[in-house]
Amino acid sequence: MFSGKLTPVEILIMVMVCGLISSEVGQSLKTGLRKYLSSVWNLLDMFSLALQVIWLVLLVVACTTHSHAVQAASNDVFGVACVMAYVRVIAVFSTHNKLGPLQIIILRIIKDLALFVVVAFVFFLGFTVAITRVMNYGAGRHDPGVVFKDTLITLFWSIFTMTDLEADEDNHSQALFVRFLYGAYIFIMVIVLLNILIAMMNNTFSSVENQEQVEWKFHRIELLHNYGSLSTLPPPFSGAEMLFTGVMKLVRKNHKVADPTRTPRHLYGDTASTKGERICMQSRFNEKSSARARE
């Protein structure tokens, strides 16, 4: 039941979300934005955090306006964000020699599925428009928007054999042609395209299985490398660490702290005005340092 106030659990989740955002910002600054966006898991983190920020905004608005509709919308967004957060756990599978190759197969199959969806959507939309036009022709008693929506829903669930298309039986020729279009749609989507998708998945599984150890070790090293760019402290304490690191960099920059690895130029004065003179001074300094070390 909606009480109109934030619960302690919701406040704790807010703090954790702020910590996660600061951690992702710090990781993008360390690795570079282009390299950060090249990782699928980082994109998933961005999508999940964006949903959680939307949930926070809707939750605050619901508590302010005491609106049950906004509260219901925030719960829907939070549910999707939870699914994304749990899917993110799959990234840890790279550390296991059995689950690691399975994770690679899942990612490759998702890419194949994305290509399949693009092709299937073309046929799906084409048959939807065609059946809508045929069913709405002549009678004048159907709303085109309603017919299009009903046809869209029917054709989508018919892929999973969960519904059937209902044609107007009063017009025999129209119903016959609608059934023909519906049969052609089922043949292309279920028999042709779905079998192509199964073949693509089988090919992906075989290619990864043939060199699973090489693929798994490569992704494990990549995962360990990515963990090197994360904060030392876990969220929400990573925000404090990021703030402390930024303040220390500003302090060092303002006080111009000398780098101990640089050559102490004060030993030779500031007369090196050209690049050649600086190189000569550097070599002389190295020779004197090595001579003192031998003594």
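Residues numbered from 1 in each chain as written. Predicted model: local features only at pLDDT ≥ 70, side-chain atom pairs only at ≥ 80, totals over all residues. Heavy atoms only, no water.

Asks: Which residues make up the environment of Lys-5, and what values do they have?
Replies: With respect to the secondary-structure elements, Lys-5 resides in the segment before α1 (8–31). Sequence-wise, Lys-5 and Leu-59 are 54 residues apart; in three dimensions their C-alpha atoms are separated by 9.3 Å. If near-sequence neighbours (up to four positions away) are discounted, Lys-5 is found in contact with Glu-10 and Cys-63. (Helix = DSSP H or I, 4+ residues; strand = E, 2+ residues; numbered from the N terminus. Contact = heavy atoms within 4.5 Å.)

Asks: So, helix α4 (residues 68–87): which residues are in play, and what are the values?
Replies: Here α4 contains 20 residues, and its C-alpha end-to-end distance of 29 Å stays within 8% of the 28 Å for a straight helix at 1.5 Å per residue. Here α4 has its buried residues at Gln-71, Ser-74, Val-77, Ala-81 and Met-84. Down the axis, α4 shows its buried residues gathered within 135° of arc, on one side only. Those residues of α4 that are exposed and aimed more than 90 degrees away from the buried face are His-68, Ala-69, Asp-76 and Tyr-86. Contact partners of the buried residues in α4: α3 (40–65). Sitting at the amino-terminal end of α4 is Ser-67, which places a side-chain oxygen 3.4 Å from the backbone nitrogen of Val-70. (Expected span 1.5 Å × (residues − 1). Buried < 20%, exposed > 50% of the residue type's maximum accessible area, 1.4 Å probe, protein only. Arc of directions from axis to C-beta. Polar contact = N/O pair within 3.5 Å; in protein donor to acceptor, adjacent residues only side chain to side chain.)

Asks: Report on the side chain of Glu-10, specifying residues and quantitative values.
Replies: Tracing the chain through its elements places Glu-10 in helix α1. When its relative accessible area of 17% is taken as the criterion, Glu-10 is described as buried. Side-chain polar atoms of Glu-10 contact the backbone nitrogen of Thr-7, separated by 3.1 Å. The contacts of Glu-10, once residues within four sequence positions are left out, are Lys-5, Trp-55 and Leu-59.

Asks: Got a sec to walk through the nonpolar core? Specific residues and values, please.
Replies: Membership of the largest hydrophobic core comes to 17 residues, with the highest contact counts inside it found for Ile-131, Leu-155, Tyr-185 and Met-189. Those elements giving two or more residues to this core turn out to be α5 (99–135), α6 (144–158) and α7 (172–210). In terms of nonpolar packing, the next biggest core, distinct from the first, is built from 12 residues, Met-14, Val-17, Leu-56 and Met-84 among them. (Core = buried A, V, L, I, M, F, W, Y, C linked by side-chain atoms within 4.5 Å.)

Asks: So, α3: which residues are in play, and what are the values?
Replies: Taking 1.5 Å as the rise per residue, α3 with 26 residues should run 38 Å; its terminal C-alpha atoms sit 38 Å apart, in good agreement. Count one or two residues on from α3 and you reach His-66, which has phi positive near 55°.

Asks: Provide a residue-level description of the pattern of salt bridges, including the pertinent values.
Replies: Working definition: two side chains of opposite charge can pair if their charged atoms are close together. Applying the stated rule across the entire model yields one salt bridge. Here Asp-45 and Arg-88 are joined by a salt bridge, their closest N and O atoms 2.7 Å apart. In this pair, Asp-45 sits in helix α3 while Arg-88 sits in the loop between α4 and α5, placing the two residues 43 residues apart along the sequence. Asp-45 sits in the buried class, given a relative accessible area of 11%. We classify Arg-88 as partly exposed; its relative accessible area is 26%. (Salt bridge = Lys/Arg side-chain N within 4 Å of Asp/Glu carboxyl O.)

Asks: Break down the confidence of the model for the protein chain for me, with residues and values.
Replies: Mean pLDDT over the protein chain works out to 76, with 71% of the residues at or above the 70 mark. Taken element by element, the protein chain is modelled with least confidence in helix α10 (residues 275–294), mean pLDDT 58, and with most confidence in α4, mean pLDDT 87. For the stretch residues 258–275, pLDDT sits under 50, and the model shows 17 contacts to residues farther than four places along the chain or on other chains. (pLDDT = per-residue confidence, 0-100.)

Asks: Run through the environment of Ile-106, naming residues and quoting values.
Replies: Here Ile-106 lies in helix α5. Residue Ile-106 is classed as partly exposed on the basis of its relative accessible area, which comes to 32%. With 95 residues separating them along the chain, Ile-106 and Met-201 place their C-alpha atoms 9.5 Å apart.

Asks: Tell me about a nonpolar patch on the surface, residues and numbers included.
Replies: Together, Ile-21, Val-25, Leu-29, Val-53, Val-57 and Val-61 make up a nonpolar patch on the protein surface, roughly 460 Å² of accessible area in all. Tracing the sequence through the fold places Ile-21 in helix α1. Looking at Ile-21, the relative accessible area reads 31%, which means it is partly exposed. (Patch = residues over 30% accessible without salt bridge, like charges linked within 9 Å, V, L, I, M, F, W, Y side chains within 5 Å. Areas by Shrake-Rupley, 256 points an atom, 1.4 Å probe, with all protein chains shown as cover.)

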